[in-house]
Amino acid sequence: MSTKVAIRIELEVVNSQESEIFERSLRGHPMIEECYAVTGNTDYLLFVAVDGIEEFEEVHRNILSRLPGVKKIKADFPLRRVLPT
């Protein structure tokens, strides 16, 4: 059973050119199921589905850390669903 992981990405530089390059690079990775440009402490919110921590480590190492312009990557793993029940 896969787990949907929320990943917050902060870019080194945020401008229209860098954002376009980053967003275009996401399209080549089918494991990245959703992406949202957001406000706040991070620039993008991504969702990936993984089958465990080992698979997430592989996604982190081989995909996320190689995306252009990435400064920080933070992931949130769900522990249990509270709502809806």
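Since the structure is predicted, the reported quantities are computational estimates derived from the model, not experimental observations.

(A) The sheet that holds strand β2 (residues 32-37), seen in detail. Across the sheet, 4 strands lie side by side as β2-β3-β1-β4; this open sheet has antiparallel pairing. Each of the sheet's edge strands pairs with one partner strand only, and the pair in question is β2 and β4 (70-76). The average angle at which neighbouring strand axes cross in this sheet is 25°, direction not considered. Looking at chain direction, β2 and strand β3 (residues 44-50) are connected through 5 bridges and run antiparallel. Within β3, the residue paired with C35 across the bridge is L46. Packed onto the sheet, helix α1 (residues 16-26) meets β1 (3-11), β2, β3 and β4 and runs at close to 15° relative to β3. Against the sheet, helix α2 (residues 53-62) engages β1, β3 and β4, with an angle of about 135° to β3.

(B) Representation of the side chain of E10 within the structure. Here E10 lies in strand β1. A relative accessible area of 18% places E10 in the buried class. If we ignore the near neighbours within four places in the chain, the residues touching E10 are N41, D43, G69, V70, K71 and K72.

What counts as what
- Residues numbered from 1 in each chain as written.
- Predicted model: local features only at pLDDT ≥ 70, side-chain atom pairs only at ≥ 80, totals over all residues.
- Heavy atoms only, no water.
- Pairing = 2+ DSSP bridges.
- Helix = DSSP H or I, 4+ residues; strand = E, 2+ residues; numbered from the N terminus.
- Axes fitted to C-alpha atoms, helices over the stretch in contact; angles between N-to-C directions.
- Contact = heavy atoms within 4.5 Å.
- Buried < 20%, exposed > 50% of the residue type's maximum accessible area, 1.4 Å probe, protein only.

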